Amino acid sequence: NDPSAGGQFSSIRNDYPFPISRPPAKHRDWMYGIAFVAHFIAVVVISLVEEGSLHHASESYERAGSWASVVMITTLLGSTFGGLVAILLASNDDSRTLILQFALIFSCIVKFLLGNIMFIMRSPYSFLGVFMLFFAMWDLVLYPTTKKSLSFSSTLIHMVADVTRRYGIWLGLSSIIVIALQTLILLWWGAFCIGAISTTDPASVIPVLAVLLFSWYWMTEFCRVLLSFLVGGSILWLFVRDEQDPSSSSQHHGTDSGKAMSNASAHHLSSSSNSNSSSSSHGGGSVTTTSPNSNSTRSIYARQVALYWQCAFTTSFGSLCKAALFLRPSQALLHSRYLFFKHHPQLPVLCKCIGNTCDRYGGCGNVWYEMARPFHALSLSLLAVYGRTLKRTSQDLLTYYPETMNASLAETTRFTITATASCIAGLLAIAFGLFAEGGDRDTWPIFVLIAYLVAYAGAVLAGTVYICAVDALIVASVLNPARVAQSNQIVLLRFLRTAEVEQ
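Below you will find a few notes about this structure. (Residues numbered from 1 in each chain as written. Predicted model: local features only at pLDDT ≥ 70, side-chain atom pairs only at ≥ 80, totals over all residues. Heavy atoms only, no water.)

1. A short note on the overall build of the protein
For the protein, the count of helices and strands is 20 helices and two strands. Within the span of the protein, comprising 503 residues, buried residues form 55% of the whole. Taking contacts inside the protein between residues at least 6 apart in sequence as the whole, the part at least 24 apart equals 82%. Accessible surface, the protein as shown: approximately 21,400 Å² in total, 64% of it carbon and sulfur. (Helix = DSSP H or I, 4+ residues; strand = E, 2+ residues; numbered from the N terminus. Buried < 20%, exposed > 50% of the residue type's maximum accessible area, 1.4 Å probe, protein only. Contact = heavy atoms within 4.5 Å. Areas by Shrake-Rupley, 256 points an atom, 1.4 Å probe, with all protein chains shown as cover.)

In structure tokens, the structure reads:
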């Protein structure tokens, strides 16, 4: 089947069913779900067995300014400030671009400060400052491109805010629940981590820290993937659902936008649209929103969100655990390789030679790259809508719509949001780290790193709502471009243009 035959777009596969209306019959990637639960139980058991660590942390909480209390405060403030910034970005059109621009600048400055402070401490663990300086340099490399796209990122955030309003309180409530869940986990993890570092033999600090950081990574990434599954799936469903569905007719009020999915065996999406809706928008960056007034429509939206919650902790739980484990490093590799070839003509000769050698003979191009391609962020919304395994969902999208990978990697909104979270986390880590009392001076860089990580995890989770929504819009732009054009034609044209850029 030619995806573009007859001037139409086919769906991901011609044997795809309609978007699921109930959980699939079989569990997906269930081995990863078992491994995640076993890992979580193991860390809990170890924290209970190591009574000295938790006892030390509980005593420290009673002293204001202690390391344990500072980690608890930064955990709460990171989630709180991240949520407030996310709300401000959605509600204040005038200051949105200004906030994003200042966040990009201060993110670099804060990371440079953190890295240099760690070196000034002259601790055995001052080498951790190298990581901060590396990410600061990475921010500087991406800053020019990101700055040019700030206005479009602002338009995307505005569009996401308008689209999510169709669900009323349900997506907002789901986001709050996931953020609260992660905050509770981080409070426990921070207490155990500070206690373990304070009571562990200095020679064993690095191995213990490595194990705890892996646990932090998998648990926080699961929360980010879970939120992407819920929000991204809900947004994508709005664009790919069957137009004959009752929710479609109640929302669009007679809008004729072409077939979304023609039948269960082949879902051809029309490339043209006859928009008879009086609320359609075709320019200026405005977004079409039709407020659902009927109780039946609200009930349909509520059931859809509830369905994704049910799938997230039953049939798709294993796929989410698998994505949480592999998605972040895969995205880093894919993005780095994309940037290398995009800016290849401007690079110095030495950098070109090193990069080409690594890509050709170092495994990046033929081994690691092929392993990373199936684990991309675009698959998360599709996991929710169609309920398939992670690998099959990812590979089908890349097989039929490989251009979506270019559009995703070229989009800078993800970097802008994470820079905002880095700014919040860095300022909190510096402000509280410099005035914290007690603790071992030698392990101070580790303490600051932990404060930064718990604050960053909370702040970036709130911004994940926008990141996953943009990913869902990129997928929707190829599955049903007519509906995306009705919402915002400028966004569709931008995605189509960036998708044509070759890696």
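There's plenty left to go through after this.
2. Focus on the nonpolar core
Counting 143 residues, the largest nonpolar core has F229, L236, I450 and L479 as its most contacted members. If one sorts the elements of this core by residue count, helix α18 (residues 444–479) sits on top with 30 residues. Beyond its immediate sequence surroundings of up to four residues, F229 is in contact with Y308, C311, A312, S316, L320, L380, L383 and A384. (Core = buried A, V, L, I, M, F, W, Y, C linked by side-chain atoms within 4.5 Å.)

3. As for the packing of helix α6 (residues 150–164) against helix α20 (residues 489–499)
Where α6 meets α20, the axes come as close as 11 Å, and the angle between the chain directions of the two elements is 125°. Comparing the axis directions of α6 and α20 gives the class oblique. Seen from above, α6 lies across α20 with left-handed handedness. Where α6 approaches α20, its residues F152, T155, L156 and M159 are matched on the opposing element by I490, V491, R494 and F495. In terms of residue class, the contact of α6 with α20 is made up of six nonpolar, one polar and one charged. (Axes fitted to C-alpha atoms, helices over the stretch in contact; angles between N-to-C directions. Parallel < 35°, antiparallel > 145°, perpendicular 65-115°, else oblique. Left-handed = near helix turned anticlockwise from the far one by under 90°. Nonpolar A, V, L, I, M, F, W, Y, C, P; charged D, E, K, R; others polar.)

4. Topic: unusual backbone geometry
A positive phi is found at D29, a non-glycine position, where the angle reads about 50°. The topology assignment puts D29 in the loop between β1 (9–10) and α1 (30–49).

5. Observations concerning the side chain of D29
Relative accessible area serves as the criterion here: at 16%, D29 is assigned to the buried category. Polar contacts involving the side chain of D29 include one to the side chain of S319, which spans 2.5 Å. Beyond its immediate stretch of four places on either side in the chain, D29 contacts G318, S319, K322, T389 and L390. (Polar contact = N/O pair within 3.5 Å; in protein donor to acceptor, adjacent residues only side chain to side chain.)

6. A few points about helix α17 (residues 413–433)
Between its terminal C-alpha atoms α17 stretches 30 Å, which fits the 30 Å expected from 21 residues at 1.5 Å a residue. Most of α17 is tucked away, with 18 of its 21 residues classed as buried. (Expected span 1.5 Å × (residues − 1).)

7. What to know about the pattern of salt bridges
Scanning the entire structure with this criterion turns up seven salt bridges. Where E221 meets R224, a salt bridge forms, and the shortest distance between an N and an O atom there is 3.5 Å. Of the two residues, E221 and R224 both sit in helix α8 (residues 205–240), three residues apart, roughly one turn of that helix. In this structure E221 comes out as buried when scored by relative accessible area, which is 5%. A relative accessible area of 8% means that R224 is categorised as buried. Linking E221 and R328 is a salt bridge whose minimum nitrogen-to-oxygen distance equals 3.2 Å. With E221 in helix α8 and R328 in helix α11 (residues 317–342), this pair connects stretches of sequence that are 107 residues apart. Among the residues examined, R328 registers a relative accessible area of 23% and is labelled partly exposed. (Salt bridge = Lys/Arg side-chain N within 4 Å of Asp/Glu carboxyl O.)

8. Brief notes about the packing of α1 against α8
Direction vectors running N to C along α1 and α8 enclose 130°, while the axes themselves pass 11 Å from each other. When the axis of α1 is compared with that of α8, the two are oblique. As for the relative orientation of α1 and α8, their crossing is left-handed in sense. From α1, Y32, A35, F36, H39, F40 and V43 reach across to α8, where they touch F214, S215, W218, M219 and F222. Split into classes, the residues belonging to the contact of α1 with α8 amount to nine nonpolar, two polar and no charged.

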